[in-house]
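So you can see what is in the structure, the chains are spelled out below.
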Amino acid sequence: MQAAESTPAATSARNKRLLVLIAVIALAPVVLSYAAYYFWPRDARANYGTLLGTRPLPPIHGTRLDGTPFASADVAGRWLVVYAAPGRCPGACEDALYASRQARTIQNAERERVVRLWLITDDARPAQALIAEHPDLAIVAVPRDALGHLPQGGDAIYLVDPLGNFVLAWPSKPDVKAMAKDLGRLLRASSIG
């Protein structure tokens, strides 16, 4: 005896179930992505530093420790990590210089795209031991009124892009890893500098 053939109604019901299953499989990623976007908790921002409004770095003129003149145009086209503090460099200053050095060093091959700049805002000369700890640091004595050109004064470490615009301000006692992550993300995203 032959096996019973399926009836047209049974075939139609099976085809409908198969069609619904295919539709569910096709739509599931879209529905899940919308649900994740709107209902999944996430950080409010991706960067650690404070994003600054587009504002150019005003021309900075000063004198390097060896007596040669310095102009910000000398380092144009490179990323600048700028910090302003007195020459005696109290504890917060040392922390800021250390953090900027480590954030730059973590960038490995990309670190050559970054110039660190310490603007000394008084007549004091930094300690020789401190200078020795930061061989890649450009140290420039500037007039005290140079702080007025910085968006948050001397209370922050600034990142300036190769086009000469302020990008980020980090606290003067930053989280080194978070600072390095911000810097690395910008270096990877930018082909200039």
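Along each chain, the written sequence defines residue order, and numbers are assigned to residues from 1. This being a predicted model, a pLDDT of at least 70 is required before a residue's local features are given, and a value of 80 or more before pairs of side-chain atoms are given or counted; all residues contribute to the totals for chains, interfaces and linings. Excluding hydrogens and water, the side-chain figures rest on all heavy atoms present in the structure.

Enquirer: Would you mind going over unusual backbone geometry with me for this structure?
Expert: For residues that are not glycine, phi is negative in most cases, and the peptide bond is trans in most cases. Backbone geometry at Cys89 places phi at a positive 55°, although glycine is not the residue there. Each helix is a run of H or I in the DSSP string that is no shorter than four residues. Each strand is a run of E no shorter than two, and both are numbered from the N terminus. Looking at where Cys89 falls in the secondary structure, it is placed in the loop between strand 4 (79-85) and helix 2 (91-105). Accessibility here uses a 1.4 Å probe with only protein chains present; expressed as a share of the type maximum, an area under 20% marks a residue as buried, one over 50% as exposed, and anything in between as partly exposed. Look at Cys89 and you get buried, because its relative accessible area is 2%. The phi torsion at Asn108 lies on the positive side, around 55°, for a residue other than glycine. Among the structural elements, Asn108 can be located in the loop between helix 2 and strand 5 (114-120). Of the residues examined, Asn108 reaches a relative accessible area of 53% and is grouped as exposed.

Enquirer: Would you explain the nonpolar core in this entry?
Expert: Across soluble globular proteins, nonpolar side chains show a tendency to be buried alongside one another. Formed by 27 residues in total, the largest nonpolar core has its most connected members in Tyr83, Leu97 and Trp118. Mapped by element, the contributors of at least two residues to this core are strand 4, helix 2, strand 5, helix 3 (128-133), strand 6 (137-141), strand 7 (156-160), strand 8 (166-171) and helix 4 (176-189). Listed in part, the 21 residues of the second largest apolar core include Val75, Val82, Leu117 and Ala138. As used in this record, nonpolar core signifies buried Ala, Val, Leu, Ile, Met, Phe, Trp, Tyr and Cys residues forming a set joined through side-chain atoms within 4.5 Å.

Enquirer: How do you make sense of helix 4 when you look at a structure like this?
Expert: Count 3.6 residues to each turn of an α-helix, and residues three or four apart come out pointing the same way. Here helix 4 spans 20 Å end to end across 14 residues, near enough to the 20 Å set by a 1.5 Å rise per residue. Residues of helix 4 that are buried include every one of Val176, Ala178, Met179, Ala180, Asp182, Leu183, Gly184 and Leu187, and no others. Contacts were defined at the residue level, with two residues in contact if any of their heavy atoms lie within 4.5 Å. In this structure, the buried residues of helix 4 make contact with strand 4, helix 2, strand 5, strand 7 and strand 8. For helix 4, the N-terminal capping position is held by Asp175, with its side-chain oxygen 3.1 Å away from the main-chain nitrogen of Lys177. By this rule, a helix spans an expected 1.5 Å times one less than how many residues it contains. Under the rule applied, a polar contact is a pair of N or O atoms within 3.5 Å (in protein, one hydrogen donor and one hydrogen acceptor; residues adjacent in sequence only if both atoms are side-chain atoms).

Enquirer: Looking at this structure, I do not really get the packing of helix 2 against helix 4. What am I missing?
Expert: For any two helices packed against each other, one specifies the inter-axial angle together with the distance between the axes. Interaxial angles span 0 to 180 degrees and are taken between N-to-C directions of axes, which are lines fitted to C-alpha atoms, for helices over the stretch in contact. Axis separation between helix 2 and helix 4 bottoms out at 8 Å; the angle between their running directions is 50°. Relative to helix 4, helix 2 is oriented oblique. Crossing geometry of helix 2 relative to helix 4 is assigned as right-handed. Within the contact between the two elements, helix 2 uses Tyr98, Ala99, Ser100, Gln102, Ala103 and Arg104 and helix 4 uses Val176, Met179, Ala180 and Leu183. All amino acids are sorted into three groups, where Ala, Val, Leu, Ile, Met, Phe, Trp, Tyr, Cys and Pro are nonpolar, Asp, Glu, Lys and Arg are charged, and the leftover types, Gly among them, are polar. Residue composition of the contact of helix 2 with helix 4, grouped by class: seven nonpolar, two polar and one charged. If an angle is under 35 degrees, it is roughly parallel; if it is over 145, roughly antiparallel; if it lies from 65 to 115, roughly perpendicular; otherwise it is oblique. For a crossing to be left-handed, the near helix must be turned anticlockwise from the far one by less than a right angle; the clockwise case is right-handed.

Enquirer: Even after reading the chapter, I still don't get the packing of aromatic side chains, so can you show me in this structure?
Expert: Describing an aromatic ring pair means giving the distance of the ring centres and the angle of the ring planes. Any two of the Phe, Tyr and Trp rings considered here, Trp counted by its six-membered ring, make a pair once their centres fall within 6.5 Å; the pair's planes then place it as stacked at under 30 degrees, edge-to-face at over 60, or tilted in between. All told, the structure shown has three aromatic pairs when counted by the stated rule. Here the aromatic rings of Tyr37 and Tyr38 are separated by 4.9 Å at their centres, their planes lie at 90°, and the arrangement is edge-to-face. Taken together, the ring pairs in this structure connect Tyr34, Tyr37 and Tyr38 into an aromatic cluster.

Enquirer: Could you clarify how one ought to interpret the state of the cysteines in this entry?
Expert: Among covalent bonds in proteins, the disulfide is the one between the sulfur atoms of two cysteines. Here, a disulfide means two cysteine sulfur atoms that sit within 2.5 Å of each other. Within the structure shown, the criterion is met by one disulfide. Note that Cys89 is cross-linked by a disulfide to Cys93, the S-S spacing being 2.1 Å. Residues Cys89 and Cys93 share a disulfide whose torsion about the S-S bond is about -95°; that sign makes it left-handed. Here Cys89 and Cys93 have matching classes, each one buried.

Enquirer: Where do I start with the environment of Arg185 in this structure?
Expert: As for its placement among the helices and strands, Arg185 is situated in helix 4. Since its relative accessible area comes to 29%, Arg185 is described here as partly exposed. Separated by 138 residues in sequence, Arg185 and Asn47 have C-alpha atoms that sit 9.0 Å apart. The contacts of Arg185, once residues within four sequence positions are left out, are Ala46 and Asn47.

None of this, on its own, says anything about what the molecule does.
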